[in-house]
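Overview (structure and organization)
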Amino acid sequence: MTWSGTLRPPARPALRRDVVAGVTVAAYLVPQVLAYSGLARMPPEAGLWAAFVSLAVYFLLGSSPQLSVGPESTTALMTGAALATAVTGGPAEDAAAALALAVGAVCLLAWAGGLGFLADLLSKPVLVGYMAGIAGLMVVSQAARGSGADIPDGSVLGEAWWLAQHPSAVHVPTLAVCLGTLALLLVGARLWPTGPVPLLGILVATVAVALARLPDDGVAVVGELPFALPSFGLPSFASAVSSLGTGALLTTALAIAVVGFTDNVLTARAFGDRHGHRVDARRELLALGAANVAAGVVHGFPVSSSGSRTAIVDAVGGRSRWSGLATLGAALVLVVALRPVLARFPDPALAAVVVYAGLRLVDVGEFVRIARYRRTELLIALATTTGVLVLGVLEGVLVAISLSLVDVIRRVARPHDAIEGLVPDLAGMHDVDDYDAAVVVPGLLVYRYDAPLFFANADNFLSRVREAVERYDPVWVLLNAEAIGEVDLTGADALETLRAELADRGVVLALARLKQEPREVLQPSGLLERIGDEHVFPTLPTALEGYRAATGGA
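Below or above, wherever it landed, is the structure these notes cover. (Residues numbered from 1 in each chain as written. Predicted model: local features only at pLDDT ≥ 70, side-chain atom pairs only at ≥ 80, totals over all residues. Heavy atoms only, no water.)

So, about the pattern of salt bridges. Considering all chains together, one arrives at 15 salt bridges under this definition. Note that E377 is salt-bridged to R374, the shortest N-O span being 3.2 Å. For D417, the salt bridge identified is with R464, shortest N-O distance 2.9 Å. A residue pair is termed long-range when its members are at least 10 positions apart, and D417 in strand β3 (residues 417–423) and R464 in helix α20 (residues 458–472) qualify at 47 residues. According to the relative accessible area criterion, D417 is buried, its value standing at 11%. Exposure remark for R464: the relative accessible area of 35% places this residue in the partly exposed category. Counted as one network, the salt bridges with shared partners bring together D407, R410 and R411. (Salt bridge = Lys/Arg side-chain N within 4 Å of Asp/Glu carboxyl O. Helix = DSSP H or I, 4+ residues; strand = E, 2+ residues; numbered from the N terminus. Buried < 20%, exposed > 50% of the residue type's maximum accessible area, 1.4 Å probe, protein only.)

Interhelical geometry of helix α3 (residues 73–84) versus helix α4 (residues 92–112) gives an angle of 130 degrees and a closest axis separation of 11 Å. Classified by the angle between their axes, α3 and α4 sit oblique to one another. For the pair α3 and α4, the sense of crossing is right-handed. Judged by residue contacts, T79, A82 and L83 of α3 engage A92, A95, A96 and L99 from α4. Residues of the contact of α3 with α4, tallied by class, amount to 6 nonpolar, 1 polar and no charged. (Axes fitted to C-alpha atoms, helices over the stretch in contact; angles between N-to-C directions. Parallel < 35°, antiparallel > 145°, perpendicular 65-115°, else oblique. Left-handed = near helix turned anticlockwise from the far one by under 90°. Contact = heavy atoms within 4.5 Å. Nonpolar A, V, L, I, M, F, W, Y, C, P; charged D, E, K, R; others polar.)

This part covers the nonpolar core. Side chains that are nonpolar tend, in soluble globular proteins, to be buried together. V30, Y130 and F345 are the most contacted members of the largest nonpolar core, which totals 105 residues. Dropping the residues within four chain positions of it, V30 is found in contact with A331, L334, V335 and L342. V423, L453, V507 and L528 belong to the second-largest nonpolar core, a separate cluster that totals 34 residues. (Core = buried A, V, L, I, M, F, W, Y, C linked by side-chain atoms within 4.5 Å.)

For the structure on display, the rule yields 8 aromatic pairs. Aromatic side chains W476 and Y547 sit 5.4 Å apart centroid to centroid with 65 degrees between the ring planes, which places their arrangement in the edge-to-face category. With W476 in strand β6 (residues 476–480) and Y547 in helix α24 (residues 540–551), this pair connects stretches of sequence that are 71 residues apart. Y547 shares its class with W476; the two are buried. Among the aromatic residues, those joined into a cluster by ring pairs are Y447, Y449 and F461. (Phe/Tyr/Trp six-rings, centres within 6.5 Å; stacked < 30°, edge-to-face > 60°.)

Here it is as C-alpha cells:
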C-alpha cells in the first residue's frame, strides 16, 4: 500500500486525467453546493466559499488522493436542523460559522489526542445502513423546497408528515419543476454516468422555467448571487450562543465532527482500497479540522466529504490530490463566468439535485450482499437506517455502533471450540468434527478455545471443558492456547479453577502453544508454576511426546 503524501504534480498523462476529473467534479459541485446551502438554511455564497477554502486546505493536508471535500449532505442537514431549532432569531451566518469552528476544534483536539483509531469501530453494515438513512433524510428534507408549500418549521420527518396531511398546500408548478428535473437527472445518469449531469439538468430546468415564465407563477429562483471576497474573521460567538444555546452548539458540533470524520475515513478507505492508497485516519482528523476552521473563518458552515463527488473523481480517472486543486480552479471560473445564470437556477430544481444525490447513496446491492453473508449484520444495517431516520444522525450511528459491539461480544462470548485428534495421512492435530476419520489420542483430551479468555466467556469456557472431560474421561487435558491471545483476571481465575478441579480428579492440565503476552500476564498469578514447566509445551507434537513419555502411551 502506498500513500500519496507529496504535493509534487504527477506525470503529464496522469495530471491531464486529474484536470479532467477536476473540471467534471466542478460542474457537479456548483449546483450541488447551492442545493446544500439551502439544506443548511444558509445563503448560496456561504456554501461556495466553504467549498473553495476546504478544497484548498484538503489539498495541503489530506491523505486521500481522491476524496472530494466541501459542503456535504449530512453536515448540511445537521446544520440546517440546528438552525431550525435556534432559540432566538439571531444571524444564521454567525451560528453556522461558529458551528464550523467548533467542529474544527473538536477534530483538531481529537487529532492531537490520537483518537483516529475510533474509525475502526465503524463496520461495513453500519456504513451501508447509515448512507441509506441519510438518503432518506435528504429526500424528505426537500419537502418544502420541492413542493413550494409553506411548511411550519420542525423536524425533517415532521415537516414531511405535515405536507402529507395538507396536500392542498403544494404549489403545482414548483412540484412539476422538481419532479421534471429529477426525472431528467435519473435518465441522464443512466445515459452518461460520468458526465456533469446535475449541471446540465439544472441548466435545462433553468431555461425551461425562464421560457415558461414560471417565476411569475411563484416558482422560486436562487436570485442575485453576490461574488466578492468573504469577510474573513471570527463570527460573533455571543450571537451564536444566544441563538443555539451553549449546550446545543457543543453537542451539535460533536455530532457533526463524529459524522463528518466517519464520512471522510470510510469514503476515503472505500476508494483507496481500489487503488492501493493508504488512508491515514489521524491525518484525516487534522485535514477535516483545518477545513472546518477555514470554513468558519469565511463565514461558511461545517464541511465534510462527498461520496458522490469522490465517485466521479474515480470514474473519470483522477488519481491524485491535484484533481481537487483542479476542481477548485474550475469551480471558481464557473461561478465567475456563469453568475448571472446561477441567479436564475430554480429552487425546486436544486431540491431535485439533493433528492438525486440521496437516491444514489442507497446501495441495494450491498444490502443484498450483507443479507447473504450474515443475518445479524443485515439487522445492524437496517437498525442503522432506522435509527438515523427516526432518532437522528448521531443517535442512529451510536445505536448502530452499540449493536455492532454487542454482536462482537456475543460472538466472542460464545466462540467456536474444538476437540482435536489425529487424522490418518494428515499432519498435525485437527477438529474431530471436521473429519470423520479423526480419532482422539487415548487418555489425552486436546481442547482448543478460539477466542481471548476474559470475563464475558470465562464461564462458557469452564462449562465447555467440563462437558468434554465428562465425555472423554481423560488422563491429561491439553489446552491448545494458540487462539487465546489475551487472558484477563477473570480468565486467569477460570484457568486456576479448571486446574484445581482436574487435580482433584487426578487429571493433569497441560498447555501448548501459549503466546508470550498471555504467558507474561499469567506469570505473576503463580498458575504456570502450579501447572509445572514440564506441562507447558511450545507445540502440539512436543506436547504429544511429553504425554506419551509421562504415561507410557503408544
